[in-house]
Amino acid sequence: MDKSTKADRIINTSTGLATAAAVIPLPIVDNVTISGIQVSMIISLGAVYDEPINKKTAKGALGVYWASRVGLWLASLLKAFGLGTFAGQALQMPIAGGMTYALGLAMKDLLEKDIPINPGNMETAAGGISKEQIKRKKKELKEKIKRTKDAEGEINFHADPKKSKSEITFHFNINDYQNVTFRVTEIEDGNELLKRSLDNTIENTVWDVNETANGTYMAFLDCEGLIPIGIKVEVG
């Protein structure tokens, strides 16, 4: 797989996770969660193009000053998605997905061309994203969101309510889906702690948390053709 294809996979996966994190009505899921996913995406894209990007640099790219600059060029992209403007601090799922997708494409463009990552260059890279590309993603997200809402009840992704200090069991019904991936990520930094491909004949999977720090994490069930379904899990 070439670097461009790897980068596209990272961007699309991150777009799905950010969309999922924004749609699930959980108190813990807010801009911190979305930013964590975006930070992880930036670092992963850097690794693909042999350009080490540490956590501090990635977080800096999403800081207050950075956000004020990025917000200007994202506004036009969000209009292309038909989303309008931000409403307070609320992050609707297509906004989170659209932001992550646009950010990923701009980062990919800079890394492919070996251009320094700074607000000015990001602004230029974002301006080069084609409207047709945005329209295709808009259509894809809308279709996936609808299918996910229809399927969520049947899939019934949830964690075992029983408290356990050593493991957490997740239950689901994925008989009708192919290429299913289970993920666990940190909230703040978006680090992927666990990634597991699932056979659609199984009904549960276990996360061993013996060496995991106490805290809150996000678990995602990613079924092909849907937006990932996310839930909050507590360790400890």
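On a predicted model such as this, the values are computed, not experimentally measured, just so you know.

What counts, and where the lines are drawn
Residues numbered from 1 in each chain as written. Predicted model: local features only at pLDDT ≥ 70, side-chain atom pairs only at ≥ 80, totals over all residues. Heavy atoms only, no water. Pairing = 2+ DSSP bridges. Helix = DSSP H or I, 4+ residues; strand = E, 2+ residues; numbered from the N terminus. Expected span 1.5 Å × (residues − 1). Bend = angle between axes of the 7 residues up to and from the residue. Buried < 20%, exposed > 50% of the residue type's maximum accessible area, 1.4 Å probe, protein only. pLDDT = per-residue confidence, 0-100. Contact = heavy atoms within 4.5 Å. Core = buried A, V, L, I, M, F, W, Y, C linked by side-chain atoms within 4.5 Å. Axes fitted to C-alpha atoms, helices over the stretch in contact; angles between N-to-C directions. Salt bridge = Lys/Arg side-chain N within 4 Å of Asp/Glu carboxyl O.

Caption draft 1: A look at the sheet that holds strand β5 (residues 204-208). One open sheet holds the 3 strands; their spatial order is β1-β2-β5, and the pairing between them is antiparallel. Two strands close off the open sheet at either side, each with one partner strand: β1 (158-159) and β5. Across 5 bridges, the pairing between strand β2 (residues 167-171) and β5 is antiparallel. The residue of β5 that forms the bridge with I168 is W207.

Caption draft 2: Broad picture of helix α7 (residues 131-155). Over its 25 residues, α7 runs 34 Å from end to end, which matches the ideal 36 Å to within 8%, given 1.5 Å per residue. The sharpest bend along α7 comes to roughly 30°, located at K149. Within α7, burial applies to I134, K137, L141, K144, I145, T148, A151 and I155. In the stretch just after α7, N156 is the one whose phi turns positive, near 50°.

Caption draft 3: Structural view of the pairing of β2. Bridge count for β1 against β2 is 2 bridges, and the pairing is antiparallel. Bridge pairing in β2 links A159 to F170.

Caption draft 4: Just the confidence of the model for the protein, in detail. Per-residue confidence for the protein gives a mean pLDDT of 81, with 80% of residues at or over 70. Contacts from residues 75-91, a stretch scored under 50 in pLDDT, to residues over four places away or in other chains number 27 contacts.

Caption draft 5: Summary view of the nonpolar core. Counting residues in hydrophobic clusters, the biggest one holds 24 residues, and the most contacted among them are I155, F157, F170, W207 and L221. If you list the elements that add at least two residues to this core, you get α7, β2, β3 (180-186), β4 (192-198), β6 (215-222) and β7 (229-235). Ignoring sequence-local partners within four residues, the contact set of I155 consists of F172, N173, Y177, L221, C223, L226 and I229. Counting residues in each nonpolar core, the second largest holds 22 residues, with A7, Y49, Y101 and A125 among its members.

Caption draft 6: The arrangement of the side chain of T169 in detail. Here T169 lies in strand β2. The residues contacting T169, other than those within four sequence positions of it, are H158, A159, D160, N204, T205 and V206.

Caption draft 7: The sheet that holds β4, seen in detail. Spatially, β4-β3-β6-β7 is the arrangement adopted by the 4 strands of the open sheet, whose pairing is antiparallel. Because the sheet does not close on itself, it has two edges, and the strands there are β4 and β7. Shown here is a sheet whose adjacent strand axes are inclined to one another by a mean of 20°, direction ignored. Pairing of β6 with β7, which is carried by 7 bridges, proceeds in the antiparallel orientation. Residue pairing for β7: M218 is matched across the bridge by K232.

Caption draft 8: Expanded view of the pattern of salt bridges. Using the criterion set out here, one finds 8 salt bridges in the structure. Notably, a salt bridge pairs D50 with K3, separated by 2.9 Å at the nearest N-O pair. Of this pair, D50 sits in the loop between α2 (31-48) and α3 (55-60) while K3 sits in helix α1 (residues 3-23), and the two are 47 residues apart along the sequence. Notably, a salt bridge pairs R183 with E192, separated by 2.8 Å at the nearest N-O pair. R183 gets classed as buried once you look at its relative accessible area, which sits at 5%. Here the salt bridges do not stand alone but share partners, grouping K137, E140 and K144 into one network.

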